[in-house]
2 protein chains.
Amino acid sequence: MDKSQDALVLLRQIIRATDLHDKHLSRMTGLTMPQLLTMQTLRINGPLTIGMLAKEMNLAQATVTSILDRLERKNLVRRERSHTDKRKVLACPTDEGLELLKSAPATLQDTFIRQFEDMHDWEQSMIVAALEHVSHILGAHHLDAAPMLDIGALDRTNESGIPDYLKSEQNSLKN
Amino acid sequence: MDKSQDALVLLRQIIRATDLHDKHLSRMTGLTMPQLLTMQTLRINGPLTIGMLAKEMNLAQATVTSILDRLERKNLVRRERSHTDKRKVLACPTDEGLELLKSAPATLQDTFIRQFEDMHDWEQSMIVAALEHVSHILGAHHLDAAPMLDIGALDRTNESGIPDYLKSEQNSLKN
DNA sequence: TTCAGTATTTTGTAATGCAAAGCAATCTAT
DNA sequence: ATAGATTGCTTTGCATTACAAAATACTGAA
């Protein structure tokens with residue numbers, strides 16, 4: 001009958017699955033979730049200033065500073081001052097840090113991609129279309145998101161328009 | 001071309017949107033995210049023992065105890081010892097607690113349901129089918145999920161089978 | 001009664017998370 | 001040039017999470 005209930009339950013299942021996978025990864029790597037999120041964000045985006053990192057992760061700068069302190073102590077991240085603007089500090093993942101992520105158990109998106117690509121072309125299209133629909137309904141199509149499921153937050157708003165509880169500023173990318 | 005990348009980006013957008021909405025709700029209600037999650041869990045499930053609550057939220061019992069301490073101090077939750085088994089303590093949302101949730105801004109699922117029900121029947125079916133597919137791929141179809149998006153975690157594993165990083169015990173429901 | 005098991009709280013420690021204050025570098029307008 | 005505003009990060013102080021291990025309280029069975 002009520003397809004909207006069905007859809008909501010399925011969405012919750014999906015979100016929950018990624019959440020549980022995150023916690024699993026966290027245990028495997030010995031990092032806390034915020035630390036893991038930080039590493040993943042750096043892996044995807046490359047070196048970032050602390051401010052950009054904080055914006056990406058939707059956290060206060062002070063919070064990111066203390067997370068980086070611990071990651072640096074573990075030699076997973078290195079801080080490097082920008083040459084062009086010495087106020088800025090770049091957080092760079094170390095080789096050891098990247099290695100840790102690589103050695104982590106098969107990521108959820110690996111599983112997803114493998115099974116997704118086994119599907120018929122029309123099935124793939126149907127799923128993408130449906131997800132687009134849902135994303136639009138939730139006002140999520142504005143959000144800049146990396147193609148990875150593992151950890152639960154990249155940030156950034158683009159356009160105007162839809163739900164207003166996302167009002168971060170535009171970002172200028174230049175270190 | 002690469003539809004799997006598209007699908008992953010869309011999924012991340014969706015997950016991210018619910019996360020941002022959670023943080024928004026958190027600010028509006030003046031509760032932290034774990035506190036909000038606790039209240040929502042109680043709203044959905046009704047009074048629960050501390051142990052059940054912890055299992056639902058995928059947290060340690062000790063953690064839930066301290067969260068409840070603060071919610072109780074705010075008069076949003078009341079503790080009540082079970083009569084039949086005096087070891088057990090039931091966490092009951094107070095009227096004030098339920099009121100707080102009700103006065104919260106329009107929930108994400110309200111938006112979702114409203115727009116979803118405006119769609120054609122075949123579109124609804126397509127979306128549900130696609131979500132089922134995705135849920136299955138992620139091994140999420142086992143997860144017991146309430147039909148609500150607002151806050152990011154209800155727990156519980158059912159069957160055997162798929163991804164093994166969800167190994168909570170079976171739950172016996174009787175206070 | 002005694003004892004193993006169950007349910008919760010207490011204790012102790014580490015990590016988040018943030019606002020506000022502090023500092024250093026840069027920019028802007030004089 | 002240079003005072004004042006701004007930007008970018010860290011420090012400080014505080015409240016909250018989060019969890020393991022120990023302590024407490026109750027139950028049910030031998």
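In the nomenclature of an unreviewed UniProt entry, chain A corresponds to DNA-binding transcriptional regulator, MarR family from the organism Marinobacterium sediminicola.

Residues and elements named next belong to chain A. The element strand 3 (residues 89-93) is largely enclosed, with a buried count of five among its five residues. A two-sided burial pattern is seen for strand 3, the buried positions comprising V89, A91 and P93 on one face and L90 and C92 on the other. By the bridge criterion, two bridges tie strand 1 (residues 48-49) to strand 3 in an arrangement that is antiparallel. The residue of strand 3 that forms the bridge with L48 is A91. Bridge count for strand 2 (residues 77-81) against strand 3 is five bridges, and the pairing is antiparallel. Pairing of R81 across the sheet is with V89, part of strand 3.

With that out of the way, let us pick up the sheet that holds strand 1 of chain A. Residues and elements named next belong to chain A. With antiparallel pairing, three strands are arranged side by side in an open sheet as 1-3-2. On the outer flanks of this sheet lie strand 1 and strand 2, each paired with one strand and no other. Along the sheet, helix 4 (residues 61-73) contacts strand 2 and strand 3; its crossing angle with strand 2, the most-contacted strand, is approximately 120 degrees.

Cut-offs applied
Residues numbered from 1 in each chain as written. Chains lettered and ligands numbered in written order. Predicted model: local features only at pLDDT ≥ 70, side-chain atom pairs only at ≥ 80, totals over all residues. Heavy atoms only, no water. Buried < 20%, exposed > 50% of the residue type's maximum accessible area, 1.4 Å probe, protein only. Helix = DSSP H or I, 4+ residues; strand = E, 2+ residues; numbered from the N terminus. Pairing = 2+ DSSP bridges. Contact = heavy atoms within 4.5 Å. Axes fitted to C-alpha atoms, helices over the stretch in contact; angles between N-to-C directions.

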